[in-house]
Amino acid sequence: MALARILHTAHYRHLEGRILEGIARLFAQNVRIYAYPMSRADLEPRLQALPAGKLGAGGDGPVGDGRPVPSGRAPRPPVRIPDRDGLHRADARGAAGSPDAEWLTPGDSAIVSWHARFRLREHLRASLWPIPCAFGLGGLLLGMIVWRIDRWEGWFLFDYDAGAATALISAIVAATLTFLGTAFAVLLVVFQFASTQLTPRALRVSLSDPLYRTSLGLFVATFVYSLVILGRATKTFVPQLGLVLASILVVVSLVAYVVLISHLRIALRPVIVAARVGRLGRQALDRIYPEPFRGPSPGAAAAAAEPTRTLRNPGPPGTLVAFDAAGLIAEARRADALVMLVPAPGDFVRSGAPLFQLFEPTAAMSDRRLLRSVVLQRERTMDQDAAFAFRILVDVAVKALSPAINDPTSAVMAIDQLHDLLAQLGSRRLDVGHHRDADGRVRLTVDRPSWEDYVSLAVDEIRHFGVEQFQVMRRLRAMFEDLQRVVPDERKAAISRELALLAKAVKRTFPDAEDQERASEPDEQGIGSSPRPAAGAGGG
């Protein structure tokens, strides 16, 4: 038994050392994985310090790593230095002066491309497991560190004996495992309920709440840490500090469990979900439409009558969720060309459908770089698609107006957020589809929704499905009348058209004149608030 215990302890020490060593090596090798390429000032001294012959640009002789180039084989490309404009030209000692010198975009010289970084970021943002896994690793490391401190210091804080320590830590392991199982079960049930009562598209927004992942991560960390301490407790050595920290962690986990259940009680109510979608939608508007409206902008120069070629989607179908504007502009500038992105963000792209229309008067652009500058996924996101926020809010309102749910008040709450988004959007410049290079020339065009598109998206379906609800009709009219006061004159025509459609729907649905009059009154609450007097009018 003594020999087995010695071997067991030695195995743990060996395993601990290997784990820590592996983590250190992994960090050392990948610490620069997201580093942006060095500036020209930093890179040139390093290139000049290299021995002669290391940077060959062609012909026979040592290149790259110093190995000679066999006859009949193309040499390695020359080293490229990032220039001031963000492009990467060939090194002066290479083929910089040649007319066919290749330019690289910043993403090409990075270890991880823009396409890979975006997909990784979206996967981590939409997944539930990364934070719990990171917390679990932290619990493992914390257990190893605390056990070593206990061995070195020999603290006796509460003077636990071996039997009491084993019973305590076993109870903590069982409790945290119960927390984990119950939390996962509650989350699954609540999210299933939310997808049926609200909309499945709201689940992604709900899962972005950091409280869910942090709570699960705390439970996993406490569980893993307690297992490490339980495995290190013996009849001759009781990790006193480890037991105290385990007791603290289980108390914190209990508090987090109560907070999680209390948060779930209110987090998936329609008003909370609508408010969260509205906040994310406003953030998307700030990213995509940062400039205020100053009147109609002059259009960009018209492209050639016919594109020189069309690049189609070679992969599986998907929804366009993002594009790398900087990379596409750099590639178009290299070829002195114009790139037209055919689908807009949020559009479905089938296999073989056109992705790009290319206008290349002189040189051809790289198909690989163009294709790696767009991301197709199964589900829309709000990163570059502000209309998706409108879509989610409209879906929440339409689901609330369905005969199975019949909750017009929830629809009014969704209209509240649509009202705010339209008011924000109405004062911004929307013609942002023409992207220019540093010289002011248009290099990339992307289709973006117009003001009329956003207004139609926000109200058409709600008006159709909520025409029999007094709350919905009155709330829509209040929204339109407020927008008429705040949007620029150039955009009031779309609001006037929607007001006319609303009046026709009310007249068609309510044959009684008094009902028509009541349904046509503006009401910020739907039903319950008196009509507001006009600005400057006295009140009775």
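For the structure, see preceding data.
Let us look at the structure shown here.

Cut-offs used in this document
Residues numbered from 1 in each chain as written. Predicted model: local features only at pLDDT ≥ 70, side-chain atom pairs only at ≥ 80, totals over all residues. Heavy atoms only, no water. Pairing = 2+ DSSP bridges. Helix = DSSP H or I, 4+ residues; strand = E, 2+ residues; numbered from the N terminus. Axes fitted to C-alpha atoms, helices over the stretch in contact; angles between N-to-C directions. Contact = heavy atoms within 4.5 Å. Buried < 20%, exposed > 50% of the residue type's maximum accessible area, 1.4 Å probe, protein only. Parallel < 35°, antiparallel > 145°, perpendicular 65-115°, else oblique. Left-handed = near helix turned anticlockwise from the far one by under 90°. Nonpolar A, V, L, I, M, F, W, Y, C, P; charged D, E, K, R; others polar. 1 Å grid on protein atoms, 1.4 Å probe; cavity = no way out; pocket = protein on both sides within 12 Å on 5 of 7 lines; lining within 4 Å. Points joined across faces, edges and corners; volume = space filled by probe spheres on them. Core = buried A, V, L, I, M, F, W, Y, C linked by side-chain atoms within 4.5 Å. Salt bridge = Lys/Arg side-chain N within 4 Å of Asp/Glu carboxyl O.

### So, the sheet that holds strand β7 (residues 338-341)
Pairing in this open sheet of five strands is mixed, and the strands run β5-β9-β7-β12-β11 from one edge to the other. Where the open sheet ends on each side, the last strands, each with one partner, are β5 (309-312) and β11 (434-436). This sheet shows a mean twist of 20° between the axes of neighbouring strands, independent of strand direction. As paired elements, β7 and strand β12 (residues 442-446) share three bridges and run parallel to each other. Bridge pairing in β12 links Leu 341 to Val 446. Sitting on the sheet, helix α11 (residues 325-334) is in contact with β7, β9 (354-359), β11 and β12, with an inclination near 135° to β12.

### Re the environment of Ala 221
Tracing the sequence through the fold places Ala 221 in helix α8 (residues 210-232). Judged by its relative accessible area of 12%, Ala 221 falls in the buried class. The contact partners of Ala 221, leaving out residues within four places of it in the chain, are Phe 135, Gly 136 and Gly 139.

### Section: the packing of helix α13 (residues 387-400) against helix α14 (residues 408-426)
Between α13 and α14, whose axes approach to 8 Å, the crossing angle comes to 160°. One finds that α13 runs roughly antiparallel with respect to α14. The chirality of how α13 crosses α14 is left-handed. Residues Ala 389, Phe 390, Leu 393, Val 394, Val 396, Ala 397 and Ala 400 of α13 form the contact with α14, whose own contacting residues are Pro 408, Ser 410, Ala 411, Ala 414, Gln 417, Leu 418, Leu 421, Leu 422 and Leu 425. Across the contact of α13 with α14, the residue classes tally to 14 nonpolar, two polar and no charged.

### Things to note about the pairing of β9
In terms of strand pairing, β5 meets β9 through four bridges, oriented antiparallel. Across the sheet, residue Arg 312 finds its bridge partner in β9, namely Pro 354. For β7 and β9, the ladder comprises four bridges, and the chain directions are antiparallel. The residue bridging Leu 341 from the neighbouring strand is Phe 356, located in β9.

### Description of the sheet that holds strand β6 (residues 318-323)
With antiparallel pairing, the three strands of this open sheet are ordered in space as β8-β6-β10. A single partner strand is all that each edge strand has here, and the edge strands are β8 (348-349) and β10 (374-377). With two bridges connecting them, β6 and β8 associate as antiparallel partners. When the sheet's bridge partners are listed, Gly 318 is paired in β8 with Val 349. On top of the sheet, helix α4 (residues 114-126) reaches β6 and β10; it is set at about 35° to β10, its chief contact.

### Some points on the layout of surface pockets
By volume, the largest pocket amounts to about 390 Å³. Those elements that place two or more of their residues in the lining of the largest pocket are α4, α7 (202-207), α8, α10 (270-288) and α13. The element that contributes the greatest number of residues to the lining of the largest pocket is α10, accounting for five residues. Roughly 320 Å³ of volume is contained in the second largest pocket. Lining the second largest pocket are Arg 119, Glu 122, His 123, Ala 126, Ser 127, Arg 204, Leu 376, Gln 377, Arg 378 and Glu 379. Among the elements of the structure, α4 and β10 are those that each provide at least two residues to the lining of the second largest pocket. Here the lining of the second largest pocket takes four residues from α4, the largest share from any one element. Considered class by class, the residues forming the lining of the second largest pocket number two nonpolar, three polar and five charged.

### A few points about the nonpolar core
Judged by nonpolar contacts, the single largest core of 88 residues is most densely connected at Tyr 289, Leu 422, Trp 451, Ile 462 and Leu 476. Tyr 289 has contacts with Ala 386, Leu 425, Arg 428, Arg 429, Leu 430, Val 432, Arg 448, Pro 449 and Tyr 454, leaving out every residue within four places of it along the chain. Listed in part, the 22 residues of the second largest apolar core include Ala 325, Ala 337, Val 349 and Phe 356.

### Some thoughts on the pattern of salt bridges
Tallied over the entire structure, the rule returns 31 salt bridges. Ionic pairing is found between Arg 282 and Asp 420, a salt bridge with its closest N-O pair at 2.9 Å. Of this pair, Arg 282 sits in helix α10 while Asp 420 sits in helix α14, and the two are 138 residues apart along the sequence. Residue classification places Asp 420 among the partly exposed residues on the basis of a relative accessible area of 28%. Asp 489 is the partner of Lys 492 in a salt bridge, and the nearest nitrogen-oxygen pair spans 3.1 Å. What makes Asp 489 exposed here is its relative accessible area of 61%. A network of salt bridges, in which partner residues are shared, links Glu 122, Arg 125, Arg 204, Glu 379 and Asp 383.

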